[in-house]
Structure formats: C-alpha cells, structure tokens
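Reading the structure
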Amino acid sequence: MNNKVILITAGATGIGRAVARHFSTEGYRVHVCDVNQSALRQLCTELPQIGSTCVDLTQPAQVDDLFETIHSDYGELDILINNVGIAGPTATVENIPLEDWQHTIDVDLNGIFYVVRRAVPLLKQSRGCMINMSSNAGLFGCPLRSPYVAAKWAIIGLTKTWAIELGPFGVRVNALCPGSVEGPRIDQVIDTDAKTRGLSPTEVRQAYLEQNSLGVFIKPENIAQTVWFLCSEAAQHISGQAIPIDGHTETLTS
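Throughout what follows, the structure given in this document is the object of discussion.

Some thoughts on the packing of aromatic side chains
One pass over the structure, following the stated rule, counts 4 aromatic pairs. Plain terms: the ring middles of Tyr28 and Trp228 are 5.7 Å apart, the flat faces sit at 75 degrees to each other, and that makes the pair edge-to-face. Taken together, the residues span a long stretch of sequence, with Tyr28 in the loop between α1 (14-25) and β2 (29-34) and Trp228 in helix α8 (residues 220-230) at a distance of 200 residues. On the basis of relative accessibility, which here comes to 11%, the residue Tyr28 falls in the buried class. For Trp228, a relative accessible area of 28% translates into the label partly exposed. Here the aromatic rings of Phe113 and Tyr114 are separated by 5.9 Å at their centres, their planes lie at 55 degrees, and the arrangement is tilted. For Phe113, a relative accessible area of 43% translates into the label partly exposed. Taken together, the ring pairs in this structure connect Phe23, Tyr28 and Trp228 into an aromatic cluster. Looking at Lys124, its charged tip hangs above the ring of Phe169, at a distance of 4.2 Å from the centre.

Structure representation (structure tokens):
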C-alpha cells in the first residue's frame, strides 16, 4: 500500500472518477469531493476504500469544512488534483446572462482558488504536487464559450505563478489541457452548440473531431495516466507546465 494522500475535486464522474480509480488501484489513500451526492454514492460503492465529501466548492465555508476532514482523517496531503469545472453557457458574448458568467467563474476559477489556499500549507509539508485541469480552450480562443475560456486561461497563469511560489518548498504545479473528452459532458456541450449554431449534433461532433490532427476524442483513462506520470518520481523536474492532451489541436474556431 502507498500511504500518500490524494484529494480529487469533482472526482465522482468523468476525468476525476478515472483518476480516483487509477490511484486507488495503486494503493493511494484517495479522497474525492463532489457536489453530486448521488454520483459520490455510486463511486464509493465501486471503490469502498476511498473517502468522500459532498461539497460546493464555490462556498469557502464548505471548503474549510472539507479541509477539516482532510486534517482529521489523514493529517496530511501529498497530491491535489483541481478537477472542478463546468462547461458554462454557449452564446455570443453580448448574449451571455450575467448570472451564467458569474456562476462559471465561481466554479471554474474561484472554486480552485478556495481549495488551493487551504491545500498549500499541507503540500509544503509533504513537498507534494498539484495538477490543475485547464483545457485546450485555455490555449486557444473558443467562440461562444467566453466564461469557460476566461477561467481556463486564468488557470494556466495561476499554475505558472504557483509553480514559482511553491518551487522553493519542493512543490510541483502543472496544468493539463485536455481536448474534447469522451462522456456525457461533451455530449451535452455538442447538443447545446448544435442548437446555438442551427446544426445537427452529428455535424458539430464531426467538426470537433476535425479540430485536432489525430481526429479523436480523449478518453478519461488517458488523462488519468498522464496525471499518474506527473505525480511520479519520473516527473520530479516537471513544474509550471501547461500540457495538452488533445490529439494536437489545430483550431477551435470551426
């Protein structure tokens, strides 16, 4: 068994679930938080050895309660995976409701900040590592997705800033930039995009596939494997990087 502790935010589905499964299989002490209580129950049924907390990361007081649990149950933290994020609205900038902009920024950016400010003292003690989930939309402009893009670009800037701040303490900080990831979330994004553009979901899906050189959607397990590598000794000198896992995005404007 590996005694290291990993906290995965939004870890009950999709990428987070794949990361939780991978690290749990390798014997890590895994704690997952998510706002979806039903999904958490399903995950804990599948992986009864992991810990879980239902928490809304946009609420600083709930984040504080989460870290009280981390302190009491584990007393340490070695790895933080900031996976929380929502797709946000699909609309031209002048048609984005203010509440949709604010909610996307609250989840995709503020939620990460609330977690990191509490996690850093523990990561300094363990000389651990942090991985922040950005997106290929954090490397390119992406029409109709302004709040999502704003948050994902900000995450890369914060990753580089935190790598500088925490490097002297032996803490590594990197960002991953996935492309379209297989699963219900991208299906919903495609359906919404299709309605906005007046196209069929099949046409939009094909356009998404043509945005990267390999013509693929990414599997959550592929991202989990990259997370595993970045948290290993093999990546001990990798920090401050924004790493695409996207089949080589050529454009997001089609």
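Some remarks on the pattern of salt bridges
Enumeration according to the criterion identifies 7 salt bridges in this entry. Through salt bridges that share partners, Arg17, Arg21 and Glu46 make up one connected network.

Focus: α8
Residue pairs spaced three or four apart in an α-helix point in one direction, given the helix's 3.6 residues per turn. Among all positions in α8, only Pro220, Ile223, Ala224, Val227 and Leu230 are buried. Within α8, the buried residues cover an arc of 125 degrees as seen down the axis, which keeps them to one side. Buried residues along α8 sit in contact with α1, β4 (79-82), β5 (129-133), β6 (172-178) and β7 (242-245).

Notes on the sheet that holds β4
Taking strand neighbours across the sheet as the criterion, the 7 strands line up as β3-β2-β1-β4-β5-β6-β7 in an open arrangement whose pairing is parallel. Strands at the two margins of the open sheet, each flanked by one partner only, are β3 (51-54) and β7. Looking at each pair of strands side by side, their axes are set apart by 15 degrees on average, direction ignored. Across 4 bridges, the pairing between β6 and β7 is parallel. Residue pairing in the sheet places Pro178 in a bridge with Ile245 of β7. Across the sheet, α1 lies against β1 (5-9), β2, β4, β5 and β6, angled at about 165 degrees from β1, the strand it touches most. The strands touched by helix α2 (residues 37-46) within the sheet are β2 and β3, with β3 carrying the most contacts at an inclination of about 170 degrees.

Here's the deal with empty space enclosed by the protein
Rolled over the atoms, a probe sized like a water molecule indicates the empty space that remains. Under the counting rule described, the total for this entry stands at 1 cavity of 30 Å³ or more. Lining the largest cavity are Asn136, Gly179, Ser180, Tyr208, Gln211, Asn212, Val216, Phe217, Asp246, Thr249 and Leu252. In the lining of the largest cavity, the residues fall into 4 nonpolar, 6 polar and 1 charged.

Cut-offs applied
- Residues numbered from 1 in each chain as written.
- Predicted model: local features only at pLDDT ≥ 70, side-chain atom pairs only at ≥ 80, totals over all residues.
- Heavy atoms only, no water.
- Phe/Tyr/Trp six-rings, centres within 6.5 Å; stacked < 30°, edge-to-face > 60°.
- Helix = DSSP H or I, 4+ residues; strand = E, 2+ residues; numbered from the N terminus.
- Buried < 20%, exposed > 50% of the residue type's maximum accessible area, 1.4 Å probe, protein only.
- Lys NZ or Arg CZ within 6 Å of the ring centre and 35° of its normal.
- Salt bridge = Lys/Arg side-chain N within 4 Å of Asp/Glu carboxyl O.
- Arc of directions from axis to C-beta.
- Contact = heavy atoms within 4.5 Å.
- Pairing = 2+ DSSP bridges.
- Axes fitted to C-alpha atoms, helices over the stretch in contact; angles between N-to-C directions.
- 1 Å grid on protein atoms, 1.4 Å probe; cavity = no way out; pocket = protein on both sides within 12 Å on 5 of 7 lines; lining within 4 Å.
- Points joined across faces, edges and corners; volume = space filled by probe spheres on them.
- Nonpolar A, V, L, I, M, F, W, Y, C, P; charged D, E, K, R; others polar.

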